[in-house]
Amino acid sequence: MDRTHQSESTTRPGNTVVLSIDCLKGSSKSDEWSGDMLQTGDIVEEIRIGSGPGSAIFKAPFKGGKAWLQKVLHNSYRNKDTSIVVRVRRGSHDLSDLSACIVPNDSAGKKQYMLRSIDDPNYTVGFSDRTESDCLGIQASRGSRMVEALVRAKLQDGYVSYPWERRMQEALPISGSSNFLSILFLPKASAYGRAGSRYNDLEDTLARANAWLSCSQANGVPIVFMNIQTESLLTKISGETASATVNTTSLSDLSNLANASLYGFEDYHGVDIGVVRAVRLWYAPLGVEFPLEIKLRDDDTKLGFSISRTEEGFIYVSSVTDHEDESAPAARSGLSSLYRDAAEASRRLVVSRVGNQKVLPWMVSSTGAIRCYDTVSLSQKLSLHRHAKVSIVLHVILWDSSATAAFSSPPRSSTHLLFSNETLDSMEFSRLREALPPRQVGDRQVMPLADDEDVFRFERENAGNASFKFQEIPFTNESL
């Protein structure tokens, strides 16, 4: 049977102290201001602890108020009887119930408890002793309190887990390798400085980046400008270098940094720290990065193509075997057709990746040297592929979307390798290329200037002459 504690009178004067609700934490459903949820200032009329016939029911008035109720909640929590239903009165006749569980309120102190809503664990309430008139006044100020709560409300942030490894496997054409292309330009050491203590200004670095991009495009490399930014690199400086740099000891010195490539400051231990302002140039293929699989046979004696390198550090296919030699791996894979199409378009067929590794230039040192890949080691690796009969996967940069645009959206799969041992002649590839529109260049991209055809000369550099000298494996005419 329910244990009921009845009040002697239900009529209380306005200054009578009653047990009221304190909203401690709002609902995640943002409905704590609706009539179904308890609100600060609601007057407690009835409390039911437990469920079933053995539940204890307490009705107002509650002698001892909040202190008495905390003892009741403590005993119930200790006895693991945490189910509770609270009925409150709002105004004269409106009643509302809350089904909750009893949980410790550590922020309020030892042996202090609060109620957590069963329907929404984010909603918690506590109890306070107030006069009935104060409660009615709080209830009447609901509108202003809503506005105040809106002003106090803050967006919460946090961390969520993300399956990086799986996404990098599924979403990228080359697992673990991005499609972003860039090169970093360090400020050039000034010819007038001593012991490298001075560097050319930021404008000089920007000009060299601009020149590199323009010359690459003029030499037939099918790339477009995307963005440019400065990067700060920390280094330790001392002596003449420290005295020659701009000092940033005060805000007034910041104006001197606008065009400086190197500035310094002291750390807590008095060590001079230098900040080098490098320039990173972001660029993109004029068309797409096109994956090409070269499958090898037991009777293959050469790959059928040669590689070389531009002055700007790009690896490119410099020649292919005769058109009639369709048995060569380069012809079977479609590389020969791509090369001839590139020649007709006055473009170089640039190799951007070998396997999963990028082979594009990635840095320009302070001496002005471009850090790029060696054609000798690359030709040796390709030759080993042929001798081991292991397929070669090359990515080449195309000058328009070609036949690969339809395959650029799906996640990484076998469809990225469009050519195999099947022969793809030049006419068939041209038909596929014309099926899709060329790449649209945005406002922020820079197209190469149209010059005379003499600008795009496919001459082999000196490094290319030595690229195919492999010990005990003779090569003729730089061909693989």
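Everything here concerns the structure above.
Below or above, wherever it landed, is the structure these notes cover. Fair warning: this is a prediction, and the values are worked out from it, not measured in the lab.

So, the overall build of the protein chain
Right, on to step 1. Check the secondary structure of the protein chain and you find 11 helices and 21 strands.
Right, on to step 2. For the protein chain, with 480 residues in total, the buried portion stands at 43%.
Right, on to step 3. Split by element, the accessible area of the protein chain, about 26500 Å² in all, is 51% carbon and sulfur.

Quick word on the nonpolar core
Right, on to step 1. With 30 residues, the main nonpolar core has Phe 305, Leu 349 and Leu 382 as its most contacted residues.
Right, on to step 2. Where this core is concerned, the elements lending two or more residues are β14 (289–294), β15 (305–309), β16 (315–320), α8 (335–344), β17 (349–354), α9 (375–388) and β21 (392–397).
Right, on to step 3. Core analysis: the next-biggest nonpolar cluster, separate from the first, contains 25 residues, Ile 21, Leu 38, Phe 58 and Phe 127 among them.

Details of unusual backbone geometry
Right, on to step 1. Across the junction of Ala 60 and Pro 61, the peptide omega takes the value 0°, indicating a cis bond.
Right, on to step 2. Positionally, Pro 61 belongs in the loop between β4 (56–59) and α1 (65–78).
Right, on to step 3. Phi at Lys 80 is positive, roughly 60°, even though this residue is not glycine.
Right, on to step 4. Within the fold, Lys 80 resides in the loop between α1 and β5 (83–90).

As for the packing of aromatic side chains
Right, on to step 1. Following the criterion strictly, the structure yields 10 aromatic pairs and no others.
Right, on to step 2. Judged by centre distance (5.8 Å) and plane angle (25°), the rings of Phe 62 and Trp 68 are stacked.
Right, on to step 3. Measuring from centroid to centroid gives 6.3 Å for Tyr 283 and Phe 314, while their planes differ by 80°, and the two rings are edge-to-face. Within this pair, whereas Tyr 283 is found in strand β13 (residues 272–285), its partner Phe 314 is found in the loop between β15 and β16, the two being separated by 31 residues in sequence. Summarising the burial analysis for this pair, Tyr 283 and Phe 314 share the class buried.
Right, on to step 4. Taken together through their ring pairs, the aromatic side chains of Phe 185, Trp 212, Tyr 283 and Phe 314 make up a single cluster.
Right, on to step 5. Above the face of the Tyr 316 ring, Arg 348 is positioned so that its terminal group lies 4.4 Å from the ring centre.

Focus on the environment of Ala 342
Right, on to step 1. Locating Ala 342 in the fold gives a position in helix α8.
Right, on to step 2. Along the chain, Ala 342 and Gly 220 lie 122 residues apart, while their C-alpha atoms are 9.1 Å from each other.
Right, on to step 3. Excluding residues that lie within four positions of it along the chain, Ala 342 makes contacts with Arg 347, Arg 348, Leu 349 and Trp 399.

Some words on the pattern of salt bridges
Right, on to step 1. Inspection of the entire model under this criterion finds 13 salt bridges.
Right, on to step 2. Among the salt bridges present, the one from Asp 42 reaches Arg 90, with a minimum N-O distance of 2.7 Å. Separated by 48 residues along the polypeptide, Asp 42 in the loop between β2 (17–25) and β3 (43–49) and Arg 90 in strand β5 bring together distant segments of the chain. Per residue, the accessibility class of Asp 42 equals that of Arg 90, and both read buried.
Right, on to step 3. Three or more residues joined by partner-sharing salt bridges are found here, namely Glu 45, Arg 89 and Glu 132.

Details of the side chain of Ser 216
Right, on to step 1. Counting through the fold element by element, Ser 216 comes out in helix α5 (residues 202–218).
Right, on to step 2. Classification of Ser 216 as buried rests on a relative accessible area of 0%.
Right, on to step 3. A distance of 2.7 Å separates a polar side-chain atom of Ser 216 from the backbone oxygen of Trp 212.
Right, on to step 4. The residues touching Ser 216, leaving out its near neighbours within four places in the chain, are Val 221, Ile 223, Glu 312 and Phe 314.

Focus on α8
Right, on to step 1. Most of α8 sits inside the fold, with 8 of its 10 residues counted as buried.
Right, on to step 2. The complete set of buried residues in α8 reads Leu 335, Ser 336, Ser 337, Leu 338, Tyr 339, Arg 340, Asp 341 and Ala 342.
Right, on to step 3. Immediately beyond the C-terminal end of α8, within one or two residues, lies Ser 346, with a positive phi of roughly 55°.

Quick look at the environment of Gly 91
Right, on to step 1. Position of Gly 91 among the secondary structure elements: in the loop between β5 and β6 (94–104).
Right, on to step 2. If near-sequence neighbours (up to four positions away) are discounted, Gly 91 is found in contact with Leu 136 and Gln 139.

Describing the pairing of β21
Right, on to step 1. Within β21, 5 of the 6 residues are buried, which leaves the element mostly enclosed by the surrounding structure.
Right, on to step 2. Sheet topology note: the β14/β21 ladder contains 6 bridges and is antiparallel. In the strand pairing of β21, Phe 290 is matched with Val 396.
Right, on to step 3. With 4 bridges joining them, β17 and β21 adopt antiparallel strand pairing.

Calculation criteria
Residues numbered from 1 in each chain as written. Predicted model: local features only at pLDDT ≥ 70, side-chain atom pairs only at ≥ 80, totals over all residues. Heavy atoms only, no water. Helix = DSSP H or I, 4+ residues; strand = E, 2+ residues; numbered from the N terminus. Buried < 20%, exposed > 50% of the residue type's maximum accessible area, 1.4 Å probe, protein only. Areas by Shrake-Rupley, 256 points an atom, 1.4 Å probe, with all protein chains shown as cover. Core = buried A, V, L, I, M, F, W, Y, C linked by side-chain atoms within 4.5 Å. Phe/Tyr/Trp six-rings, centres within 6.5 Å; stacked < 30°, edge-to-face > 60°. Lys NZ or Arg CZ within 6 Å of the ring centre and 35° of its normal. Contact = heavy atoms within 4.5 Å. Salt bridge = Lys/Arg side-chain N within 4 Å of Asp/Glu carboxyl O. Polar contact = N/O pair within 3.5 Å; in protein donor to acceptor, adjacent residues only side chain to side chain. Pairing = 2+ DSSP bridges.

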